[in-house]
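Geometric and topological summary
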Amino acid sequence: MKRLFTLSLVASAITLSACGGGSSGTTQAPPTNTPAPTTPAQPAPTVPPPPTVNTTDTLIKVNQVGYLPSANKIAVVPDNQAREFSVVNTANDTVVMSGTLSDAQTWAEADQSVRLADFSQLNIEGEYVIRVEGVADSLPIKINDNAYLSAHDAALKAYYFNRASTELLVEHAGEWRRPAGHPDTNVRVHASAASATRPEGTVISAPKGWYDAGDFNKYIVNSGISTYTLLAAYERFTDFYATRDIGIPESGNTSPDLLDEIKWNLDWMLAMQDPTDGGVYHKLTTLRFAGTRMPHEATAQRYVVQKGTGAALNFAAVMATASRVYGSLAGMTDLAAQYRQAAVLAWRWAQDNDNVVYRQPSDVQTGEYGDSRFDDEFTWASAELYLLTEEAQYLTSFKQYFAQPRTPFWQETAALGYMSLLQHGETLLSNADYTEIQTRFTALADSIVDQHQASAYSVAMTQNDFVWGSNSVALNKAMILLAQNSHVSDAKYKTAASNLVDYILGKNPTDYSFVTGNGVKTPMDPHHRQSAADTVAAPIPGFVVGGPQPGRQDNCSYPSNLPATTYLDDYCSFSTNEVTINWNAPFVFATAALQSSN
Ligand code: G3I
Ligand code: 9MR
């Protein structure tokens, strides 16, 4: 346990918490060949929920990292007798602005009655606090032209820290340097993935890629959406990325660091395709989760497991996107052709096998990433393949499936295809088709704006959004809004998006900035094996933790059972405090968007 400090009543309660089941960071983890005791995806029915705790506390909630000068700027103030607020420059303790608080509203998700302090008109760089009578001053607020830059870079660098199959050298990783883990050159074909040309036990090589999360396994669908999101960030903010130097081994070569980092994962993904038939393995994994140890100490046998329709289509979409992106760079023609061929082969496999649902084999207990509906994956893959090849068959498929866009996540991918078509498809599609895509996407973005405007907390998060990885729901909504904003410039999209990012960075009822190492009060004990097993007190910086949700799938003891406050900064809490590549990606996208449109 490496918690260094606590700041609020909520955090004090957390300090006393312990795991009710499973293993915790403080106990010795079982060896990797010991069966995991629980089925992690299920709620824990045997543990009765604690009584609802009123978590209304006395802190003003602000973005702890920074606000752009032009941004909509809101602080959330606990309701008391006060009706006014002032903003004080901390350099000289002078009031630079005062204003009236909004009417009080209750945010049911956190059971808090709050008022909003809108200090958007303050657009001068500096450090300030919000002052309201009867309440402690807010944490320092920084208004800065580069407000998101270091958090963005840290979140991108986090992918480097999760690289498999390589040593992290001190010049890139600092105190988090570590030996290479998981060469993945001796991966066995699991019984569920056996084929005539690759029978069970066949050894294949599939090195590199990113560890999915706090665990060391590599899952196609989750790695795919993460990779697409980063590619989309590159495509939309190309100029911004031309100069970013995040200090990875490839920094200083001729291609942008973002594309170098993405290629690390694409290299692995390519090896997950069976060259004989084009099918794609669902995951590369140990049979059980490793204990709390460093990558090089987690040496259990790894397997590729079952091919499936979801993996093939996700892979096809990402490879087609990668071919488009890398094909636009000098000297990358061969690589782009390889990605294109891989995409086409995977698509063909999916057409011949259009409903192969991933079924977790009985001897495999790691992440499932299951899905049983593929219309959204067909929609996404056909969109990317159409943009790449301009062949009519893909447009036909797209129109056949044409799933509605929803806030994306690993199981729900249609909106990603819409994003690509909106950016690149205007000349290729008929007016009617393009307009329909735009209309549907606008409806999605507008529904998120409506949630923002109706929210007591000025954040587009509703009760159903507090699921495992709720922070990524917020960030994927921000991505949708910011993509929309680049096609239909309207302040309402950026306002709703930046408030979602503010929420992640501290303007939320837990008072945490949910990005490790970025903010005043940040997660110190995330469910991240490297961060827990190394000898460094602070966790690896730049990781977005999962965020509050009331499922308690890990049996830890939480201070609340409300959707927006069931959060625990403890290694025990893989249901709220794990880190994952698909949660970082929309944070990278959103901060790149906001920073580069500044
Ligand atoms: O599919 C059902 C849906 O039908 C139902 O309406 C809905 C109601 O809540 O639940 C849906 O299932 C949820 C599923 O995600 C898909 O949304 C489960 O309740 C929920 O527990 C599940 O959470 C996933 C979790 O793994 C458990 O499987 C998270 O999204 C996913 O991010 C997380 O991923 C793990 C990997 O397995 C292993 N590596 C770490 C990673 C992050 O924790
Ligand atoms: O560490 C695992 C984490 O990456 C997963 O998201 C989570 C749910 O699948 O499971 C974690 O592993 C736990 C296992 O499921 C049960 N025993 C405790 C493990 C964590 O220490």
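Everything quoted here is computed from the prediction, not taken from an experiment. (Residues numbered from 1 in each chain as written. Chains lettered and ligands numbered in written order. Predicted model: local features only at pLDDT ≥ 70, side-chain atom pairs only at ≥ 80, totals over all residues. Heavy atoms only, no water.)

1. Some words on the overall build of the chain
Here is the rule we go by: Put simply, DSSP H or I for four residues or longer makes a helix, DSSP E for two residues or longer makes a strand, and each gets a number counted from the N terminus. With the radius of gyration taken over C-alpha atoms, the globule rule is written as 2.2 Å times the number of residues to the power 0.38. To sort residues, take the accessible area from a 1.4 Å probe on protein chains only and compare it with the maximum for the residue type: under 20% means buried, over 50% means exposed, and anything in between is partly exposed.
The number of helices and strands found in the chain is 16 helices and 12 strands. Relative to the 2.2 N^0.38 estimate, which gives 25 Å for 598 residues, the radius of gyration of the chain is 23 Å and therefore close to what a compact globule would have. Principal-axis analysis of the C-alpha atoms places the extent of the chain at approximately 75 × 60 × 45 Å. Taken over 598 residues, the chain has a buried fraction of 62%.

2. With respect to the site of ligand 1
As a reminder, the rule being used: Being near a molecule or strand, for a residue, means having at least one of its heavy atoms within 4 Å of it. For the purposes of these results, a polar contact is taken to be a pair of N or O atoms within 3.5 Å, where, inside protein, one atom must be able to donate a hydrogen and its partner to accept one; residues adjacent in sequence count only when each atom of the pair is a side-chain atom. Only the protein chains shown count as cover for residues, and the accessible areas themselves come from Shrake-Rupley with a 1.4 Å probe. Residues were grouped as follows: Ala, Val, Leu, Ile, Met, Phe, Trp, Tyr, Cys and Pro as nonpolar; Asp, Glu, Lys and Arg as charged; and all remaining residues, including Gly, as polar.
Close to ligand 1 lie 15 residues; Asp 212, Asp 215, Trp 410, Trp 468 and Glu 578 are nearest. Within the side chain of Trp 468, an N or O atom sits 3.0 Å from an oxygen atom of ligand 1. When ligand 1 sits alone it has 790 Å² of accessible area, and the protein chains cover 61% of it. Looking at side-chain class alone, the shell around ligand 1 contains 8 nonpolar, 4 polar and 3 charged residues.

3. Structural notes on the sheet that holds strand S2 (residues 84-89)
Rules: At least two bridges found by DSSP between two strands are what make those strands a pair. Whenever a helix is involved, its axis is fitted only over the stretch in contact; in every case the axis is a line through C-alpha atoms, and angles between N-to-C directions fall within 0 to 180 degrees.
Taken in spatial order, the 4 strands make up an open sheet running S3-S2-S6-S7, and their pairing is antiparallel. Both outer strands of the open sheet, strand S3 (94-100) and strand S7 (141-143), are each paired with one neighbouring strand and no more. Averaged over all adjacent pairs, the angle separating strand axes in this sheet is 30 degrees, with direction ignored.

4. A look at the pattern of salt bridges
Stated formally: The salt bridge criterion pairs a side-chain nitrogen of Lys or Arg with a carboxyl oxygen of Asp or Glu, the two atoms within 4 Å.
On inspection of all chains with the given rule, the structure shows 21 salt bridges. Lys 263 is the salt-bridge partner of Asp 267, the closest N and O atoms lying 3.2 Å from each other. Taken together, the residues Asp 267 and Lys 263, both in helix H6 (residues 257-271) and 4 residues apart, mark about one turn of the helix. In this structure Lys 263 comes out as partly exposed when scored by relative accessible area, which is 27%. The closest approach of N and O atoms between Arg 373 and Asp 375, which form a salt bridge, is 2.7 Å. Judged by relative accessible area, which is 23%, Asp 375 ranks as partly exposed.

5. Remarks on the nonpolar core
Considering soluble globular proteins, one finds that nonpolar side chains tend to be buried as a cluster. Basically, it comes down to this: What we call a nonpolar core is a set of buried Ala, Val, Leu, Ile, Met, Phe, Trp, Tyr and Cys residues that are connected through their side-chain atoms within 4.5 Å. Throughout, a residue-residue contact means that at least one pair of heavy atoms, one from each residue, lies within 4.5 Å.
Ranked by size, the top nonpolar core spans 155 residues in total, and within it Trp 107, Tyr 241, Tyr 326 and Phe 587 carry the most contacts. When residues in this core are grouped by element, the largest group, 12 residues, is from helix H7 (residues 309-327). The residues touching Phe 587, leaving out its near neighbours within four places in the chain, are Ala 151, His 152, Ala 155, Leu 475, Val 501, Ile 504, Leu 505, Val 515 and Val 544.

6. Re the packing of helix H12 (residues 431-454) against helix H14 (residues 491-504)
Rule in force here: These descriptions rest on fixed angle ranges, namely under 35 degrees for roughly parallel, over 145 for roughly antiparallel, 65 to 115 for roughly perpendicular, and the rest for oblique. Crossing chirality is assigned from the near helix's rotation relative to the far helix, an anticlockwise turn below a right angle marking it left-handed and a clockwise turn marking it right-handed.
Two numbers describe how H12 lies on H14: the axes approach to 9 Å, and their chain directions differ by 60 degrees. With respect to their mutual orientation, H12 and H14 come out oblique. Where H12 crosses over H14, the two elements pack in a sense that is left-handed. Contact with H12, carried on its side by Thr 442, Ala 445, Asp 446, Val 449 and His 452, involves Lys 492, Tyr 493, Thr 495, Ala 496 and Asn 499 of H14 and no other residues of that element.

7. A short note on the environment of Gly 174
Checked against the element boundaries, Gly 174 lands in the loop between helix H3 (170-173) and strand S8 (187-189). Relative accessible area serves as the criterion here: at 26%, Gly 174 is assigned to the partly exposed category. With 380 residues separating them in the primary sequence, Gly 174 and Asp 554 have C-alpha atoms 32 Å apart.

8. Observations concerning the sheet that holds strand S5 (residues 112-118)
Here we have 3 strands laid out as an open sheet, ordered S1-S5-S4, and antiparallel in their pairing. Looking at which strands have only one partner, the edges of the open sheet turn out to be strand S1 (74-78) and strand S4 (105-107). In this sheet, adjacent strand axes meet at a mean angle of 50 degrees when their direction is disregarded. The pairing of S4 with S5 spans 3 bridges and is classified as antiparallel. If you follow Gln 105 over to S5, its bridge partner there is Val 114.

9. Thoughts on the state of the cysteines
Note the cut-off: The definition used for a disulfide is geometric: two cysteine sulfur atoms within 2.5 Å.
Enumeration according to the criterion identifies 1 disulfide in this entry. Two residues, Cys 556 and Cys 572, share a disulfide whose sulfurs are 2.0 Å apart. On the sign convention where negative means left-handed, the S-S torsion of about -110 degrees between Cys 556 and Cys 572 marks this disulfide as left-handed. Within this pair, whereas Cys 556 is found in the loop between helix H15 (529-533) and helix H16 (581-596), its partner Cys 572 is found in the loop between H15 and H16, the two being separated by 16 residues in sequence. A relative accessible area of 5% places Cys 556 in the buried class.

10. Quick word on the side chain of Gln 273
Inspection of the secondary structure puts Gln 273 in the loop between H6 and strand S11 (281-285). In this structure Gln 273 comes out as buried when scored by relative accessible area, which is 10%. A distance of 3.1 Å separates the side chain of Gln 273 from the backbone oxygen of Gly 278, its partner in a polar contact. Residues within four places of Gln 273 in sequence aside, it is in contact with Arg 198, Gly 278, Gly 279, Val 280, Phe 315, Ala 342, Leu 345 and Ala 346.

11. Observations regarding the confidence of the model for the chain
Stated precisely, the cut-off is as follows: Each residue carries a pLDDT score, the predictor's own confidence in it, on a scale running from 0 to 100.
Across the chain, pLDDT averages 91, with 90% of residues at or above 70. Here residues 1-56 scores under 50 on pLDDT; set against residues more than four positions off or in separate chains, the count is 103 contacts.

12. Some points on the side chain of Asn 476
If you trace the backbone, Asn 476 turns up in helix H13 (residues 470-487). Residues within four places of Asn 476 in sequence aside, it is in contact with Thr 407, Pro 408 and Pro 586.

13. Brief notes about the packing of aromatic side chains
The following threshold applies: Stacked, tilted and edge-to-face are the three classes applied to pairs of Phe, Tyr and Trp rings, where Trp contributes its six-membered ring and a pair requires centres within 6.5 Å; stacked means planes under 30 degrees apart, edge-to-face means over 60, and tilted covers the rest.
Taken as a whole and assessed by the stated rule, the structure comprises 24 aromatic pairs. Taken together, a centroid distance of 4.9 Å and an interplanar angle of 70 degrees make the contact between Tyr 219 and Tyr 369 edge-to-face. Remark: Tyr 369 occurs in the loop between helix H8 (333-352) and helix H9 (375-389) and Tyr 219 occurs in strand S10 (residues 218-219); sequence separation between them is 150 residues. An identical accessibility class is assigned to Tyr 219 and Tyr 369; each is buried. With centroids separated by 5.5 Å and ring planes inclined at 75 degrees, the aromatic side chains of Phe 409 and Trp 410 adopt a geometry described as edge-to-face.

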